[in-house]
Amino acid sequence: MGQTVSLDKTNPATIQDRKADHLRICLEDDVQCHQITTGLENYRFIHCGLPELNYDQVDISTTFLGKQLATPLLISSMTGGTEQARVINQRLAVAAQKFGLAMGVGSQRVAVEKPELAPTFNIRRYAPSALLLANLGAVQLNYSYGLEHCQRVVDWLEADALILHLNPLQECVQTRGDTDFSGLLVKIETLCAKLPVPVIAKEVGNGISGGLAKKLIDIGISAIDTAGAGGTSWARVESERAQDIKQRRLGQTFADWGIPTADCIVSVRAIAPQIPLIASGGLRNGLDVAKTLALGADIAGMALPFLKAADNSEEALDTLADILIAELKTALFCTGQGNLKDLKHSQVLQRIP
Ligand SMILES: NC(=O)C1=CN([C@@H]2O[C@H](COP(=O)(O)OP(=O)(O)OC[C@H]3O[C@@H](n4cnc5c(N)ncnc54)[C@H](OP(=O)(O)O)[C@@H]3O)[C@@H](O)[C@H]2O)C=CC1
Ligand SMILES: Cc1cc2nc3c(=O)[nH]c(=O)nc-3n(C[C@H](O)[C@H](O)[C@H](O)COP(=O)(O)O)c2cc1C
Ligand SMILES: C=C(C)CCOP(=O)(O)OP(=O)(O)O
Ligand SMILES: [Mg+2]
């Protein structure tokens with residue numbers, strides 16, 4: 001009869017299959033939130049009929065964690081571990097270098113468990129000067145991972161920083177997910193003190209509140225990525241993968257759970273005016289990006305739109321980047337803001353009553 005299915009959740013084969021499932025489901029199924037939105041639709045820019053600017057001189061460059069970005073965009077952490085993932089990572093990295101974007105790779109746990117898969121994350125050669133972010137789940141610190149594993153994944157990527165993803169809901173819905181999140185704050189604190197690169201805390205589409213951000217900043221986290229609700233729903237994705245009726249139902253029930261992206265940005269900025277802040281979760285065009293930057297984020301991340309374009313072709317990815325840049329610059333131009341600093345300190349974004 002067929003192969004024995006291992007129930008060992010750290011089995012590298014199981015992790016690699018999960019990575020393949022994630023790509024397939026995100027590319028083929030409807031994985032977005034249905035009921036909950038980013039909240040950005042509640043904001044509108046005040047149009048300026050006489051910008052007193054030359055569009056060609058609108059400046060969207062910035063610096064983030066000490067590195068220059070031509071565009072304040074992040075290709076959010078997504079993939080690695082399979083041949084399809086290798087191709088997608090390569091295309092994304094080429095685009096990151098070409099357009100001056102930052103880029104995260106997907107969780108490198110799959111390569112820690114099976115080091116021969118590390119080349120699927122091997123993108124520094126394609127993006128020599130880009131801000132590149134390594135990625136592991138914070139919860140792995142409760143499952144035998146420590147400083148050494150974190151240092152290893154940073155070294156593989158020659159990464160500028162390490163993202164620790166916080167994904168409690170996803171792990172609840174994931175078949176045999178890792179759900180011991182106890183005592184992690186103190187372990188993250190130790191890691192932040194010892195790892196030579198900055199550590200970023202990121203959700204995966206359910207959002208980080210101002211209160212949680214404060215705790216994370218107090219223990220040494222260098223930046224926050226909101227990854228709020230309103231975009232890709234990881235409860236939905238894991239529900240789709242689940243064989244078990246209980247896990248399927250659980251994911252459906254929680255498919256629209258989380259803190260909307262706009263609320264995350266506002267509440268994190270209220271408690272931490274200076275913390276390097278990435279807005280993400282459900283951003284789908286350059287106007288969404290402009291709104292998050294006006295709300296106080298420093299850069300904005302997108303996952304699903306970049307994945308779909310990269311899966312399509314290099315040309316599709318170039319087109320997406322061109323459109324996003326044009327949308328962002330148009331929002332600045334038509335609000336009379338010549339650069340991102342001016343946008344951030346302006347009063348041109350209104351909450352619709
Ligand atoms: N199933 C899987 O998970 C994986 C499958 N593969 C397969 O193996 C084959 C080889 O993969 P891959 O190594 O990516 O293939 P490439 O043809 O891209 O690389 C071949 C060799 O050239 C080196 N190289 C490639 N590009 C550069 C560059 N820009 N600068 C410097 N050195 C470079 C690589 O070095 P280096 O040794 O440093 O990588 C590698 O040894 C592919 O056909 C792929 O399908 C590869 C990785 C994972
Ligand atoms: C295929 C895919 C794989 C992902 N894998 C990871 C991951 O390994 N680590 C992580 O931190 N986030 C991961 N994410 C989550 C994204 O980084 C992002 O936080 C989330 O999808 C919400 O953004 P979006 O609405 O723009 O897709 C993944 C997203 C996608 C689409
Ligand atoms: C896909 C997302 C959104 C985060 C990572 O999920 P996983 O739970 O599959 O990641 P690892 O355990 O492999 O780190
Ligand atoms: Mg996990």
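Residues numbered from 1 in each chain as written. Chains lettered and ligands numbered in written order. Predicted model: local features only at pLDDT ≥ 70, side-chain atom pairs only at ≥ 80, totals over all residues. Heavy atoms only, no water.

- Looking at an unreviewed UniProt entry, one finds the protein named Isopentenyl-diphosphate delta-isomerase, with Adonisia turfae CCMR0081 as its source organism.
- One UniProt comment on the protein, placed under Subunit (unreviewed entry), says "Homooctamer. Dimer of tetramers."
- Looking at the Subcellular location (unreviewed entry) heading of the UniProt record, one finds this comment for the protein: "Cytoplasm". (UniProt positions renumbered as here; feature names shortened; annotations may be inferred.)

### Some details on the UniProt feature "binding site: substrate" (unreviewed entry) in the protein
(1) Moving on: Residues given the UniProt feature "binding site: substrate" (unreviewed entry) here are Arg18, Lys19, Ser107, Gln108, Arg109 and Gln170. Looking only at the residues we just named, the largest cavity is lined by Arg18, Lys19, Ser107, Arg109 and Gln170.
(2) Moving on: Secondary-structure assignment places arginine 18 in helix H1 (residues 12–28).
(3) Moving on: If near-sequence neighbours (up to four positions away) are discounted, arginine 18 is found in contact with Arg109, Gln174 and Arg241.
(4) Moving on: Summarising the element assignment, glutamine 108 is placed in the loop between strand S5 (102–104) and helix H3 (109–113).
(5) Moving on: Ignoring anything within four residues of it in the chain, the contact list for glutamine 108 reads Phe121, Ala134, Asn135, Leu136, Val153, Trp156 and Leu157. (1 Å grid on protein atoms, 1.4 Å probe; cavity = no way out; pocket = protein on both sides within 12 Å on 5 of 7 lines; lining within 4 Å. Helix = DSSP H or I, 4+ residues; strand = E, 2+ residues; numbered from the N terminus. Contact = heavy atoms within 4.5 Å.)

### Observations regarding the site of ligand 3
(1) Moving on: The environment of ligand 3 is formed by Arg18, Lys19, His22, Ser107, Arg109, His165, Asn167, Gln170, Glu171, Gln174, Val204 and Trp234.
(2) Moving on: A distance of 2.7 Å is found between an oxygen atom of ligand 3 and a side-chain nitrogen or oxygen belonging to arginine 18.
(3) Moving on: Within the side chain of glutamate 171, an N or O atom sits 3.0 Å from an oxygen atom of ligand 3.
(4) Moving on: Bound to the protein, ligand 3 loses 92% of the 390 Å² it would expose on its own.
(5) Moving on: More than half of the atoms belonging to ligand 3 lie within 2 Å of the grid points that define the largest cavity.
(6) Moving on: Elements represented by at least two residues in the shell around ligand 3 include exactly H1 and helix H5 (168–173).
(7) Moving on: Among the elements that make up the shell around ligand 3, the one with the highest residue count is H1 (three residues). (Near = heavy atom within 4 Å. Polar contact = N/O pair within 3.5 Å; in protein donor to acceptor, adjacent residues only side chain to side chain. Areas by Shrake-Rupley, 256 points an atom, 1.4 Å probe, with all protein chains shown as cover. Sits in = over half its atoms within 2 Å of the grid points.)

### Here's the deal with the pairing of strand S7 (residues 161–165)
(1) Moving on: In terms of residue burial, S7 counts as a mostly covered element, since five of its five residues are buried.
(2) Moving on: Here S7 shows no split at all, with Ala161, Ile163 and His165 on one side and Leu162 and Leu164 on the other all buried.
(3) Moving on: Pairing between strand S6 (residues 132–137) and S7: five bridges, direction parallel. Considered in S7, the bridge of leucine 136 is made with leucine 164.
(4) Moving on: The β-α-β motif built from S6, the intervening helix H4 (residues 147–157) and the parallel element S7 has right-handed crossover chirality.
(5) Moving on: In this structure, S7 lies alongside strand S8 (residues 199–202), joined through four bridges in parallel fashion. Each residue of the ladder has a partner; that of histidine 165, found in S8, is lysine 202. (Buried < 20%, exposed > 50% of the residue type's maximum accessible area, 1.4 Å probe, protein only. Pairing = 2+ DSSP bridges. Right-handed = clockwise from strand over helix to strand, strands pointing away.)

### A short note on the sheet that holds S7
The pairing of strands in a sheet happens through backbone hydrogen bonds and is either parallel or antiparallel.
(1) Moving on: Spatially, eight strands are ordered S4-S5-S6-S7-S8-S9-S10-S11 in a closed barrel, and the strand pairing comes out parallel. Strand after strand, the sheet turns through a mean of 25 degrees between neighbouring axes, direction not considered.
(2) Moving on: Summarising the sheet, strand S9 (residues 223–225) and strand S10 (residues 277–280) pair through two bridges and their orientation is parallel. When the bridges of S10 are listed, aspartate 225 appears paired with isoleucine 278.
(3) Moving on: Packed onto the sheet, helix H11 (residues 286–294) meets strand S4 (73–75), S10 and strand S11 (299–302) and runs at close to 140 degrees relative to S11. (Axes fitted to C-alpha atoms, helices over the stretch in contact; angles between N-to-C directions.)

### What to know about the site of ligand 1
(1) Moving on: Around ligand 1 lies a shell formed by Thr82, Glu83, Arg86, Leu117, Pro119, Thr120, Asn122, Arg125 and Tyr126.
(2) Moving on: A distance of 3.0 Å separates an oxygen atom of ligand 1 from a polar atom in the side chain of arginine 86.
(3) Moving on: Separating an oxygen atom of ligand 1 from a side-chain N or O atom of arginine 125 is a distance of 2.8 Å.
(4) Moving on: Isolated, ligand 1 exposes 860 Å² of accessible area, and the fraction of that covered by the protein chains is 38%.
(5) Moving on: For the shell around ligand 1, the per-class residue count stands at three nonpolar, three polar and three charged. (Nonpolar A, V, L, I, M, F, W, Y, C, P; charged D, E, K, R; others polar.)

### Re the layout of surface pockets
(1) Moving on: Volume-wise, the second largest pocket comes out at about 290 Å³.
(2) Moving on: Forming the walls of the second largest pocket are 15 residues, and the residues nearest its centre are Thr62, Asp298, Leu340, Lys341 and Lys344.
(3) Moving on: Looking at the lining of the second largest pocket, the elements that each hand over two or more residues are strand S2 (62–64) and helix H14 (340–344). (Points joined across faces, edges and corners; volume = space filled by probe spheres on them.)

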